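Each chain, written out:
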Amino acid sequence: LDLQSQLISYLQSKIVKNFNGAKYRVSYFGDTSVTTGANAPLLGEFDGFFTQAEAGSGLQLEFNQVNPTGAEMYAALEEAYAYFMESDWSDKEGVVWKMTRKMASLWVRFLNGLKDKSEYNCECFSADGLTAMRTYTLNGNLFILGIPVEVERDLDGIISQLSLDRPYRALLTYRNNMPIATQMLENLNEFDIWYNKDTKKVVIEAEALIGSALPTDEYVYIGSETESPSV
């Protein structure tokens, strides 16, 4: 009985992990234009946040996806912030930067690198700065221009696993503008576990409804394929 309960607990943890992975996959990367290839059944059901952001009228900024520098990232973030401050939604509550881990890591390296430079000559390095503990980390409270950063680590894994492009992506908007609707795990449309004697494997089948929306154009998307005019 104890072994059985441990097995069920393990299977449940796998279901939760896969369910959350699927939620992030379609909520951010869903794209109904993907109709062929291996990714079609994984992404083609509806349009996710990034796809909606590229089709909407919010500010869309291109970003160097090959070898970006911290200075290039700062320039994009500053342009996004200026647009945000001049917008009608700058006083909304819960404004955040939603960001891939790779994008956030570049920002952290940039900030910590600034502390390595001498305060008297930016071309010289400070020994104290080079040997000091790193001040900024992905696990701490990370801010950009006073706005909190929420690092969505699952996005990097999805980009890697599905061989997608543009690993440096960020959305600046307020949380209420990025709703994700899901069913509770105990209310899934379909859930079944059985043992397949032929393959000698335990099979889990679960089905749930997931939806996401970017209901307004009150956002800035960094990492777009095309750049819209600044407003």
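Values in this document were obtained by computation on a predicted structure and should not be read as measured data.

This next bit is on the overall build of the protein chain. Of regular secondary structure, the protein chain possesses seven helices and ten strands. The proportion of buried residues among the 231 residues of the protein chain is 38%. Long-range contacts, defined here as pairs at least 24 residues apart, represent 73% of the contacts in the protein chain between residues at least 6 apart. Surface summary for the protein chain: the accessible area is close to 13700 Å², and the carbon and sulfur share equals 51%.

A word on the pattern of salt bridges. Opposite charge on two side chains permits pairing when their charged atoms draw close. For the structure shown, the criterion picks out seven salt bridges. Lys98 is the salt-bridge partner of Glu150, the closest N and O atoms lying 2.6 Å from each other. On the criterion of sequence distance, the pair formed by Glu150 in strand 4 (residues 147–151) and Lys98 in strand 2 (residues 95–99) is long-range, its members being 52 residues apart. Owing to a relative accessible area of 15%, Lys98 belongs among the buried residues under this scheme.

With 16 residues, helix 4 (residues 70–85) extends 22 Å from end C-alpha to end C-alpha; this agrees with the ideal 22 Å at 1.5 Å per step. Listed in full, the buried residues belonging to helix 4 are Gly70, Met73, Ala76, Leu77, Ala80, Tyr83 and Phe84. One face of helix 4 carries all of its buried residues, which in axial projection span an arc of 150°.

Here we take up a nonpolar patch on the surface. A cluster of nonpolar side chains, contributed by Ile8, Phe191, Ile193, Tyr195, Val202 and Ile204, occupies part of the molecular surface with about 500 Å² of accessible area. Of all the secondary structure elements, the ones that give two or more residues to the nonpolar patch are strand 7 (190–196) and strand 8 (201–207). In terms of residue count, strand 7 provides more of the nonpolar patch than any other element does, three residues in total. Residue placement: Val202 occurs in strand 8.

Another aspect to go through is the packing of aromatic side chains. In total, this model carries ten aromatic pairs according to the counting rule given. Pairing Tyr28 with Phe49 gives two aromatic rings, centres 5.0 Å apart and planes at 80°, and the pair type is edge-to-face. With Tyr28 in helix 1 (residues 2–29) and Phe49 in helix 3 (residues 49–55), this residue pair connects regions lying 21 residues apart in the sequence. Across the pair, Phe49 and Tyr28 agree in class, each one buried. Ring centres of Trp89 and Tyr174 lie 6.3 Å apart, and the angle between their planes is 50°; on these two criteria the pair is classed as tilted.

Moving on, we come to a negative patch on the surface. Taken together, the side chains of Glu190, Asp192, Glu205 and Glu207 make up a negatively charged region of the molecular surface. Secondary structure elements with two or more residues in the negative patch: strand 7 and strand 8. Note that Glu190 resides in strand 7.

Relative to the assigned elements, Asn112 resides in helix 5 (residues 101–116). When its relative accessible area of 6% is taken as the criterion, Asn112 is described as buried. As for Asn112 and Thr137, which are separated by 25 residues in sequence, their C-alpha atoms are 8.9 Å apart.

Attention shifts here to unusual backbone geometry. Located in the positive-phi region is Arg166, a residue other than glycine, with phi close to 55°. When you line up the elements, Arg166 lands in the loop between helix 7 (153–161) and strand 5 (170–174). With phi around 55°, Lys200 is a residue other than glycine that occupies positive phi space. With respect to the helices and strands, the residue Lys200 is situated in the loop between strand 7 and strand 8. On the accessibility criterion, Lys200 (62% relative accessible area) is exposed.

As summarised here, the arrangement of the six strands in space is 1-10-5-2-4-3, forming an open sheet in which the pairing is mixed. Across the chains shown, the open sheet's two edge strands, defined by having one partner strand only, are strand 1 (59–61) and strand 3 (143–144). With two bridges joining them, strand 3 and strand 4 adopt antiparallel strand pairing. Across the sheet, residue Phe143 finds its bridge partner in strand 4, namely Pro148.

Here is what the cut-offs are and how they apply
Residues numbered from 1 in each chain as written. Predicted model: local features only at pLDDT ≥ 70, side-chain atom pairs only at ≥ 80, totals over all residues. Heavy atoms only, no water. Helix = DSSP H or I, 4+ residues; strand = E, 2+ residues; numbered from the N terminus. Buried < 20%, exposed > 50% of the residue type's maximum accessible area, 1.4 Å probe, protein only. Contact = heavy atoms within 4.5 Å. Areas by Shrake-Rupley, 256 points an atom, 1.4 Å probe, with all protein chains shown as cover. Salt bridge = Lys/Arg side-chain N within 4 Å of Asp/Glu carboxyl O. Expected span 1.5 Å × (residues − 1). Arc of directions from axis to C-beta. Patch = residues over 30% accessible without salt bridge, like charges linked within 9 Å, V, L, I, M, F, W, Y side chains within 5 Å. Phe/Tyr/Trp six-rings, centres within 6.5 Å; stacked < 30°, edge-to-face > 60°. Lys, Arg positive; Asp, Glu negative; His and termini not counted. Charge placed at Lys NZ, Arg CZ, Asp CG, Glu CD. Pairing = 2+ DSSP bridges.

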